[in-house]
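This is what each chain is made of:
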Amino acid sequence: MALATHSGFMSRLQQRLEAHGRQGLVRHKLLREGPCAAVQRFGQHERVSFCSNDYLGLANHPAVIAAWQEGAARYGVGSGGSHLVTGHCRAHQALEQALAEFTGRERALLFSTGYMANIGVINALMHEGGVVLQDALNHASLLDGGWLSRARSIRYPHNDMQALADLLVQHQQDPCLIVSDGVFSMDGDVAPLPEMARLATAHGAGLMIDDAHGIACLGDRGRGVIELFPEHSGRGNVLTARELPVLVGTFGKALGTAGAFVAGDAVLIEYLEQFARSYVFTTAMPPALAVATLTSLRVSQDESWRRERLQLLIRRFRQAMADMAFPVLDSHSAVQAVVLGDVDTTLAASALLRDHGLQVSAIRPPTVPRGEARLRITLSAVHTDTQFDQLLQALMVVNDRFIASRSRSANASH
Ligand SMILES: *Cc1c(COP(=O)(O)O)cnc(C)c1O
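Rules used throughout
- Residues numbered from 1 in each chain as written.
- Predicted model: local features only at pLDDT ≥ 70, side-chain atom pairs only at ≥ 80, totals over all residues.
- Heavy atoms only, no water.
- 1 Å grid on protein atoms, 1.4 Å probe; cavity = no way out; pocket = protein on both sides within 12 Å on 5 of 7 lines; lining within 4 Å.
- Points joined across faces, edges and corners; volume = space filled by probe spheres on them.
- Helix = DSSP H or I, 4+ residues; strand = E, 2+ residues; numbered from the N terminus.
- Nonpolar A, V, L, I, M, F, W, Y, C, P; charged D, E, K, R; others polar.
- Domains from an automatic or database assignment.
- Phe/Tyr/Trp six-rings, centres within 6.5 Å; stacked < 30°, edge-to-face > 60°.
- Buried < 20%, exposed > 50% of the residue type's maximum accessible area, 1.4 Å probe, protein only.
- Near = heavy atom within 4 Å.
- Polar contact = N/O pair within 3.5 Å; in protein donor to acceptor, adjacent residues only side chain to side chain.
- Areas by Shrake-Rupley, 256 points an atom, 1.4 Å probe, with all protein chains shown as cover.
- Contact = heavy atoms within 4.5 Å.
- Buried area = accessible area lost by both parts, 1.4 Å probe.
- Salt bridge = Lys/Arg side-chain N within 4 Å of Asp/Glu carboxyl O.
- Pairing = 2+ DSSP bridges.
- Axes fitted to C-alpha atoms, helices over the stretch in contact; angles between N-to-C directions.

**Student:** Any chance you could break down the layout of surface pockets for me, citing the residues and the numbers?
**Tutor:** Approximately 1,000 Å³ is the volume attributed to the largest pocket. Lining the largest pocket are 34 residues, with Arg-27, His-28, Cys-51, Ser-361 and Ile-363 sitting closest to its centre. For the lining of the largest pocket, the secondary structure elements donating two or more residues are strand E2 (39-42), helix H13 (343-355) and strand E13 (361-363). Each residue belonging to the lining of the largest pocket can be placed in one class, and the counts come to 14 nonpolar, 13 polar and seven charged. Both of domain 1 (32-55 + 304-413) and domain 2 (62-302) provide at least three residues apiece to the lining of the largest pocket. In this structure, the second largest pocket encloses a volume near 380 Å³. Lining the second largest pocket are 17 residues; nearest its centre among them are Asn-138, Arg-155, Pro-366, Thr-367 and Val-368.

This is the structure:
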């Protein structure tokens, strides 16, 4: 009898997988050999990667690798415990202090991943009876954090400040937390932070920004989205903790390592240290990783040419796309999205780019809304001019094959 129940369980999984397959939504892992670099090897094929989040080329930086090795030699490989027991090492402490300084906040707190930071922070800050106001395009980890907290989650239309204002009025009596990506991970555009800060203050709501894709990349000094609004900025030319009390950043993107942090006033950090379950009930990140990340943060500041190079490639990319009338979303970050709509076309375009020696991901539902499948092209400071031109050439072919032909046939049928 137990066996029968068990096979029923497995066949339900099987059915769901098959349905997923019929919709063209099954995803396959690529098996990569070697480091995350501009050219990556998958089995026998070498391709130029335009899909890593290593925007500054720090994941394979000699100084960062050396720091990791020195950290391991000094601390061993595992932290051996959670932060509140005995896992918290001097290396973690030093990184937290550097991040607090970097973001112009009183304190910072480390988490093992961005996903864990987001679920831990929202879950700690919000409870039943509260309202979490989420941008419709927020990262899955923010949405999950909202659900986990048992507060009511409401999604407002992407960057729609009128809708957000209306919701704040409607929930004036409830504890509210506004939550948003800083740079939207699949679109590349930026949240209107000054207006969000104004609304949050006016309505006594909290404001939390996840700047996974902005930290180390955006702003002259790489402070991310908090550095993008100089006319609204306070001390240090960044939006301060008064305007933006809860700032999350991650290390797995532009800083090239792994892990995350939350920065804010001392009260916020003390509170999270006590109540964020994904902080309390997990092993502290390996101290060597903290040593490597501290080095990576320093390199990202010292080698400002990386940010400048990235910005140059972004400008050149956007100019080229405008010249081709290519349907690229409005983004000034390293994330450049070409929305092709249906899943099959997007997969075919990605395959065509692969034939041209380029690795570009096809992003499909549920990562993006249905009907908005896209190529997500990410640029990195370490792409050479030749590699970049190779991308533009191949996109011209994609344009010809999948986009220009579509508008030609649309015109013909009118
Ligand atoms: C990647 C990402 C995360 C998750 O961070 P990890 O450190 O990879 O877990 C969270 N938020 C956004 C917006 C991201 O893009």
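**Student:** Before we move on, could you go through the packing of aromatic side chains and cite the residues and values that matter?
**Tutor:** Under the definition given, this model contains three aromatic pairs. Both rings, one in Phe-251 and one in Phe-261, keep their centres 5.9 Å apart while their planes meet at 20°; by these two values the pair is stacked. Taken together, the positions of Phe-251 in the loop between strand E9 (246-250) and strand E10 (260-264) and Phe-261 in strand E10 put the pair 10 residues apart, joining distant regions of the chain. Taking the relative accessible area as the measure of exposure, Phe-251 reaches 0% and is therefore buried. By relative accessible area, which is 0% here, Phe-261 ends up buried.

**Student:** Tell me about the site of the ligand, and name the residues and values.
**Tutor:** In the vicinity of the ligand lie 14 residues, with Gly-114, Tyr-115, Asp-210, His-213 and Lys-253 positioned nearest. At a separation of 2.7 Å, an oxygen atom of the ligand approaches a polar backbone atom of Gly-114. In this structure, an oxygen atom belonging to the ligand sits 2.9 Å away from a main-chain N or O atom of Tyr-115. Out of a free accessible area of 380 Å², the ligand has 84% covered by protein chains. Sort the elements by how many residues they give to the shell around the ligand and helix H5 (residues 114-125) lands first, with three residues.

**Student:** Before we move on, could you go through the domain arrangement of the protein chain and cite the residues and values that matter?
**Tutor:** Assigned domains of the protein chain: these are domain 1 (32-55 + 304-413) and domain 2 (62-302). Taken together, the contact between domain 1 and domain 2 spans 21 residues of the former and 23 residues of the latter. Roughly 1,500 Å² of surface becomes buried between domain 1 and domain 2 when both sides are summed, with 54% attributable to carbon and sulfur atoms. Together, Asn-53, Tyr-55 and Arg-307 form the three largest contributors to the area buried by domain 1 at its contact with domain 2, with a combined 36%. On inspection of domain 1 and its partner domain 2, the count reaches one salt bridge. One salt bridge connects Asp-187 with Arg-374, and the closest N-O pair in it is separated by 2.8 Å. Remark: the boundary between domain 1 and domain 2 carries 11 residue pairs in polar contact (both at pLDDT 80 or more).

**Student:** Tell me what's going on with empty space enclosed by the protein, and back it up with residues and numbers.
**Tutor:** Overall, the coordinates contain four cavities of 30 Å³ or more when judged by the stated rule. Taken as a whole, the largest cavity spans an internal volume of roughly 80 Å³. Contributing to the lining of the largest cavity are Cys-36, Ala-37, Ala-38, Gln-40, Ser-49, Ser-52, Asp-54, Thr-378, Leu-379, Ser-380, Val-382 and His-383. Its residues assigned to classes, the lining of the largest cavity shows five nonpolar, six polar and one charged.

**Student:** Outline the sheet that holds strand E11 (residues 335-341), listing residues and values.
**Tutor:** Taking strand neighbours across the sheet as the criterion, the three strands line up as E11-E14-E13 in an open arrangement whose pairing is antiparallel. Every interior strand has two partners, whereas the edge strands, E11 and E13, have only one. Pairwise comparison of adjacent strand axes, ignoring direction, gives a mean angle of 30° for this sheet. Across three bridges, the pairing between E13 and strand E14 (residues 373-378) is antiparallel. Residue Ser-361 lies in a different strand from E14, and its bridge partner there is Arg-376. This element, H13, spans E11, E13 and E14 of the sheet and lies at about 30° to E14.

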